[in-house]
Amino acid sequence: MKKFTTILFIFFLISLVSCGAPPDVKQEAQDRLKQYKPLFEQKVEEVYGSDARLKKVKCDVTTYVGSPVPSVSYSADNYLTGTISISGRNYDAIYLTYENRMIDNVHTEDICSSVTDALPLDHDKFILVKYISSVGFEPMFESEVDSLEKAAESDEGNIITFVIITSEDLSVFKEDDFTDIPELQTITNSKNLSGNIKIVSVKDKSMASSLSGKIRDLNFSYDTHPMVYNSNGNKDAFDVYGIRNAISIELNPDNLVYNYMD
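Note that the coordinates shown come from a computational prediction; the quantities given were computed from them, not determined experimentally.

## What about the sheet that holds strand β1 (residues 53-58)?
Next, step 1: Across the sheet, which stays open at both edges, the five strands sit in the order β1-β4-β5-β6-β8 with antiparallel pairing between neighbours. Here the strands that pair on one side only, and so sit at the sheet edges, are β1 and β8 (141-142).
Next, step 2: Relative to strand β5 (residues 89-96), strand β4 (residues 79-86) runs antiparallel, the two sharing eight bridges. What sits directly across from L80, in β5, is Y95.
Next, step 3: Running at roughly 35 degrees to β4, helix α2 (residues 23-48) makes contact with β1, β4, β5 and β6 (101-104) of the sheet.

Right, here's the structure in full:
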């Protein structure tokens, strides 16, 4: 799981990028960008062909805040970020300079939708579907990983939350409807891939957007309703968002945990 930890760390640091770094650190970042940008471009072409374009390439400077005594230091990142353009669509990419390795979200939709498409739900009643990594971003995979099977076999760890907001009543489903789905078994049989499927039925479609913004914080795997915390106190999420019922499926190595809540 070392690579997985590295990627989580990168995502965390992206949010701490600073413009107040010393000139020598900024120069180091510029030098690193000049050195590794051609290799980044070469990697994109190797994987996605000559028609793929790499844009907005950066090597940022990151702020490190010390603890327990507050202290601030700066360091040029040892990775580059950029945007891959393929057939008019843009994707996020990170080039790990010290490994000559690239991760991106080019195949994220294909990988993750293979799971949601396999679920025994009425897809015409889907209001919203999205995929979230453990740090809140869209999941990324190594550039050569283009299927769920390859993601499950990869040494690159990933913890993915699959979110489906639907108008369908979920009370008709039982655990047995999900346990034998091959795509879910692919995840549970993986060493480094884990997942949490959140299927939430709402009575009012207009609530889907606001619910989507909070879905990462709502846990439907317990026996009690999740609560929404705000300045007015704690409120039942089912009341706040008009939730009819919900299904949580936790996918861990050799383990599927199902929970229905209404």
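Continuing now.
## Here we look at α2
Next, step 1: An ideal rise of 1.5 Å per residue puts 38 Å on 26 residues; α2 measures up with 36 Å between its terminal C-alpha atoms.
Next, step 2: Of all bends in α2, the biggest is about 40 degrees, found at Y36, and the proline P38 comes one to four residues later.
Next, step 3: For α2, the set of buried residues is V25, A29, R32, L33, Y36, F40, K43, V44 and Y48.
Next, step 4: Tucked into the core, α2 has its buried residues touching β1, β2 (61-65), β3 (72-76), β4, β5 and β6.
Next, step 5: Of the residues one or two after α2, G49 is the one with positive phi, at around 90 degrees.

## Some remarks on a negative patch on the surface
Next, step 1: Judged by side-chain charge, D92, E109, D110, D117 and E138 come together as a negatively charged surface patch.
Next, step 2: A per-element tally of the negative patch places helix α3 (residues 108-117) first, with three residues.
Next, step 3: Checked against the element boundaries, E138 lands in the loop between β7 (126-133) and β8.
Next, step 4: Using a relative accessible area of 38% as the deciding quantity, one classes E138 as partly exposed.

## Considering the sheet that holds β7
Next, step 1: Read from one edge of the open sheet, five strands run β7-β9-β10-β13-β14, paired in mixed fashion. Because the sheet does not close on itself, it has two edges, and the strands there are β7 and β14 (255-261). Along the sheet, successive strands turn relative to each other by an average axial angle of 10 degrees, direction set aside.
Next, step 2: The pairing of β7 with strand β9 (residues 158-166) spans seven bridges and is antiparallel. Within the sheet, the bridge partner assigned to I132 lies in β9 and is T161.

## What about the environment of S248?
Next, step 1: Its place among the elements puts S248 in strand β13 (residues 243-252).
Next, step 2: Not counting residues within four places of it along the chain, the set of residues in contact with S248 comprises N196, I197, F220, S221, V257, Y258 and N259.

## Regarding the pattern of salt bridges
Next, step 1: Within the structure shown, the criterion is met by seven salt bridges.
Next, step 2: Among the salt bridges present, the one from R32 reaches E28, with a minimum N-O distance of 3.0 Å. Pair noted here: R32 and E28 are both in helix α2, with a separation of four residues, about one helical turn.
Next, step 3: Residue E28 is classed as partly exposed on the basis of its relative accessible area, which comes to 37%.
Next, step 4: Ionic pairing is found between R101 and E142, a salt bridge with its closest N-O pair at 3.5 Å.

## Things to note about the packing of aromatic side chains
Next, step 1: For the structure on display, the rule yields five aromatic pairs.
Next, step 2: For the pair Y131 and F162, a centre-to-centre distance of 6.0 Å together with 75 degrees between the ring planes defines the contact as edge-to-face. On the criterion of sequence distance, the pair formed by Y131 in strand β7 and F162 in strand β9 is long-range, its members being 31 residues apart.
Next, step 3: For Y131, a relative accessible area of 9% gives the class buried.
Next, step 4: An aromatic cluster is built from F173, F178 and Y258, whose rings are joined through pairwise contacts.

The rules behind these values
- Residues numbered from 1 in each chain as written.
- Predicted model: local features only at pLDDT ≥ 70, side-chain atom pairs only at ≥ 80, totals over all residues.
- Heavy atoms only, no water.
- Pairing = 2+ DSSP bridges.
- Helix = DSSP H or I, 4+ residues; strand = E, 2+ residues; numbered from the N terminus.
- Contact = heavy atoms within 4.5 Å.
- Axes fitted to C-alpha atoms, helices over the stretch in contact; angles between N-to-C directions.
- Expected span 1.5 Å × (residues − 1).
- Bend = angle between axes of the 7 residues up to and from the residue.
- Buried < 20%, exposed > 50% of the residue type's maximum accessible area, 1.4 Å probe, protein only.
- Patch = residues over 30% accessible without salt bridge, like charges linked within 9 Å, V, L, I, M, F, W, Y side chains within 5 Å.
- Areas by Shrake-Rupley, 256 points an atom, 1.4 Å probe, with all protein chains shown as cover.
- Salt bridge = Lys/Arg side-chain N within 4 Å of Asp/Glu carboxyl O.
- Lys, Arg positive; Asp, Glu negative; His and termini not counted.
- Charge placed at Lys NZ, Arg CZ, Asp CG, Glu CD.
- Phe/Tyr/Trp six-rings, centres within 6.5 Å; stacked < 30°, edge-to-face > 60°.

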